[in-house]
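Coordinate inspection notes
Now for the letters of each chain:
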Amino acid sequence: MLIAAILILAVGTYTMRLGGVLLRDRLELSSQVQRLLPMAAAALLAALATTAALMEGAGFAGIARPAGVAVGALLAWRRAPFVVVVLAAAATAALLRLAGID
């Protein structure tokens, strides 16, 4: 079942990418739409990241995960090395969970 889902998603992704290449010359977008598309992609990515950071299933993920994400975001903003960002975020969440702050 898992392999079938992966294959379906792969075919769908490939089809969307191929559609973009094939329709590039046929579809004329206004300059305003062309300007808004990159911002829409950034907004969707931000919404996905926020949802993943704050939610677990249908409920709130607790304090540990958002705190780890906040530490990681702060270190990334301060241009810390990627490994340091990931380890500090994971350590923050793990230590808060170990302390019973879920």
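Here's what I pulled together on the structure shown here. (Residues numbered from 1 in each chain as written. Predicted model: local features only at pLDDT ≥ 70, side-chain atom pairs only at ≥ 80, totals over all residues. Heavy atoms only, no water.)

1. Considerations on the packing of aromatic side chains
We count it as follows: We call Phe, Tyr and Trp rings a pair once their centres come within 6.5 Å, taking the six-membered ring for Trp, and we label the pair stacked below 30 degrees between planes, edge-to-face above 60, and tilted otherwise. For a ring to carry a charge above it, either NZ of a lysine or CZ of an arginine must fall within 6 Å of the ring centroid while also lying within 35 degrees of the normal to the ring plane.
Per the stated rule, a full pass over the model turns up zero aromatic pairs. Note that Arg78 overlies the ring of Trp77, its terminal NZ or CZ placed 5.7 Å from the centroid.

2. A look at the environment of Ala94
Short version of the rule: Counting from the N terminus, the helices are DSSP H or I runs at least four residues long and the strands are E runs at least two residues long.
On the secondary structure map, Ala94 appears in helix α4 (residues 82-98). C-alpha separation for the pair Ala94 and Ala64, spaced 30 residues apart in sequence, amounts to 7.5 Å.

3. A short note on a nonpolar patch on the surface
In plain terms, the rule: Each patch is built from salt-bridge-free residues with over 30% relative accessible area, joining like charges within 9 Å and nonpolar side chains (Val, Leu, Ile, Met, Phe, Trp, Tyr) within 5 Å. Here, Shrake-Rupley sampling with a 1.4 Å probe gives the accessible areas, and only protein chains in the shown set may cover a residue. A pair is scored as a salt bridge if a Lys or Arg side-chain nitrogen falls within 4 Å of a carboxyl oxygen belonging to Asp or Glu. Throughout, exposure labels follow a simple rule: accessible area from a 1.4 Å probe, protein chains only, divided by the maximum for the residue type, with under 20% read as buried, over 50% as exposed, and the rest as partly exposed.
Where nonpolar side chains cluster on the molecular surface, the patch consists of Tyr14, Leu18, Leu22, Leu23, Leu27, Leu29, Val33 and Leu37 and spans about 740 Å² of accessible area. Every element with two or more residues in the nonpolar patch is listed here: α1 (2-23) and α2 (31-54). Looking at the nonpolar patch, the element that brings in the most residues is α1, giving four residues. Its relative accessible area of 42% is what places Leu23 among the partly exposed residues.

4. Some thoughts on the packing of helix α3 (residues 64-77) against α4
Using the following cut-off: As a rule, the C-alpha atoms of each element are fitted with a line to give its axis, helices using only the stretch in contact, and angles between N-to-C directions run from 0 to 180 degrees. Here is the rule for angles: anything less than 35 degrees is roughly parallel, anything more than 145 is roughly antiparallel, 65 through 115 is roughly perpendicular, and the remaining ranges are oblique. In this scheme the handedness of a crossing depends on how the near helix is turned from the far one: anticlockwise by less than a right angle means left-handed, clockwise means right-handed. Only heavy atoms matter for contacts: two residues are in contact if any of them lie within 4.5 Å across the pair. Side-chain classes are defined by residue name, with Ala, Val, Leu, Ile, Met, Phe, Trp, Tyr, Cys and Pro counting as nonpolar, Asp, Glu, Lys and Arg as charged, and the others, Gly among them, as polar.
For the pair α3 and α4, the least separation of the axes is 8 Å and the interaxial angle reads 155°. Put simply, α3 runs roughly antiparallel to α4. Remark: the crossing between α3 and α4 carries right-handed chirality. Of α4, the residues touching α3 (which contributes Ala64, Arg65, Ala67, Gly68, Val71, Gly72, Leu75 and Ala76) are Val84, Val85, Ala88, Ala89, Thr92, Ala93, Leu96 and Arg97. When grouped by side-chain class, the residues that make up the contact of α3 with α4 number 11 nonpolar, three polar and two charged.

5. Here we look at the packing of α2 against α3
Where α2 meets α3, the axes come as close as 7 Å, and the angle between the chain directions of the two elements is 135°. If you check the angle between α2 and α3, you find them oblique. Judged by residue contacts, Ala52, Ala53 and Leu54 of α2 engage Arg65, Pro66 and Val69 from α3. When grouped by side-chain class, the residues that make up the contact of α2 with α3 number five nonpolar, no polar and one charged.

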